[in-house]
Structures are given as structure tokens and as C-alpha cells.
Amino acid sequence: MALILNIETATKNCSVSLAKSGVIIASKEINTGNYSHAEKLHVFIKALMEETALSFADLSAIAVSKGPGSYTGLRIGVSTAKGLAFAKNIPLLSVSTLKTLALQVTQECDYIIPMLDARRMEVFTQVFDNTKNALTEIEAKILVENSYQEYLNKGKVLFLGDGAEKFKAICTHKNAIFLDNYFPSALAMHMVSYKKYQAQELEDTAYFEPFYLKDFAGLKLKDKKK
């Protein structure tokens, strides 16, 4: 039996789940439209353990969404996952944030293109086929009206994620379908994390870092007048 704690904090959705041998047994998540991970993540994890009458000693591994996504959100999720993995001496697993979005699609289609907001008209994105296999590498893409024509001209394409609204505003192709209110979720991580656990596709807990895709651009403070 493998008991895995899944943590997803790459966007404004703060989400955790407990899965036993690839089957979810408990979960908690909240999306208030703001980043609440610092306040909610540890509370949610503790609540899951109490509600299931399990202890941290029962965990087989910790799985965390590795990005791309929010710099701050990813840092909080990964630092929490690494801390638990270190403290309990259990493996650390990572799951692509865009993969967890693609896995939520149940509608018939030819292609799935999840998008995460990367400011202005840019998104973090990747193309999947209708069996959820990746066809392209993850990229930061600036959207224009004729983006993804090579896929839209071939068949039905589903766009989802908090970055898809940007493309919805400029895309008029008849084969484009936009799914609203989809966010990366720990409820979609469990099968990937379980397969990785079985295959022992583990991260180096000491050196693992989130996949930001782009360098963090912080605001520079103006020099104070002397």
C-alpha cells in the first residue's frame, strides 16, 4: 500500500489530497481568487491527517506540483513538501502543473491545451493529444489571433486554465472550445504521483527546485535619496 500526500499550489488554488494506492481518500482545496497558501496549506494538511485518522508516519511519499506557475505559490508548496519529506525520510515526487490541468478534461476532443497566466498576453502552455500525452515541450508563449492554427485546423481543441481567457478574447476559430473555471488541483495528481512512486521516479529532495520556466522578475526599489 502506498499512501501519498499530493500538494498543489502553483496557482490561486490551494489544494491537497491523500491517495492510497492511486485512489483518493480525502482532499481539501480552496480558491478565493487570492493566494492563500501561506495561511491554508499547513492547516489543510493537518486536517486531512486528522480526518483520516492517519499519521505522518503512515505516509509513503510526498508529491508536489513542480510548475510552471506562480513563483510564490510554487515556493510555498515545494518548501512544504521538501520539509515533510526530509522530516519523515520519505521520497519526494513531482508532477507537472500543466499535466494536472490536462488530466481533468473528460470531454471528447482532438487536442488539449492548458494555459496558465504569465502576465500580459503571455501564458505557460503545452499541447496534449486526446489521450493526455504531451505533444510539445512546456513553453512561455505570447498569444496572437492565429496561435495554434496547426491544431485548430485539424480538429476540436479544448483550452483551459486561468490563461485561456486571454486567448478566448482573440480566437474566433470554430474548432476552439474554452472550458471555464479549471485550475490545477491535487485531485488530478494522484494517478501520476502513484505511477511515479511505483517506477521510483523520485526527486533529489536536497536539490529539487520548482520549474519556473522564466526567471522571477522582482520589483527593484528606487534608491533612497541621501
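Report on the accompanying structure. (Residues numbered from 1 in each chain as written. Predicted model: local features only at pLDDT ≥ 70, side-chain atom pairs only at ≥ 80, totals over all residues. Heavy atoms only, no water.)

1. What to know about the pairing of strand E1 (residues 3–8)
For step 1, the next point in the chain: Counted residue by residue, E1 has six buried out of six residues, so it is predominantly covered.
For step 2, the next point in the chain: Alternating residues of E1 divide into Leu-3, Leu-5 and Ile-7 and Ile-4, Asn-6 and Glu-8, and every residue in both groups is buried.
For step 3, the next point in the chain: As defined by bridge partners, E1 adjoins strand E2 (residues 14–20) across six bridges and the pair is classed as antiparallel. Residue pairing for E2: Leu-5 is matched across the bridge by Leu-18.
For step 4, the next point in the chain: Here E1 folds back onto E2 in antiparallel fashion, the turn holding five residues.
For step 5, the next point in the chain: Relative to strand E4 (residues 61–65), E1 runs parallel, the two being bridged by four bridges. Each bridged residue has a counterpart across the sheet, and for Asn-6 the counterpart in E4 is Ala-63. (Buried < 20%, exposed > 50% of the residue type's maximum accessible area, 1.4 Å probe, protein only. Helix = DSSP H or I, 4+ residues; strand = E, 2+ residues; numbered from the N terminus. Pairing = 2+ DSSP bridges.)

2. Thoughts on the layout of surface pockets
For step 1, the next point in the chain: Counted as a void, the second largest pocket has a volume near 180 Å³.
For step 2, the next point in the chain: Around the second largest pocket sit Lys-99, Leu-103, Leu-187, Ala-188, His-190, Met-191, Val-192, Lys-195 and Lys-196, which together line it.
For step 3, the next point in the chain: Top contributing element to the lining of the second largest pocket by residue count: helix H6 (residues 190–198), with five residues.
For step 4, the next point in the chain: In terms of residue class, the lining of the second largest pocket is made up of five nonpolar, one polar and three charged. (1 Å grid on protein atoms, 1.4 Å probe; cavity = no way out; pocket = protein on both sides within 12 Å on 5 of 7 lines; lining within 4 Å. Points joined across faces, edges and corners; volume = space filled by probe spheres on them. Nonpolar A, V, L, I, M, F, W, Y, C, P; charged D, E, K, R; others polar.)

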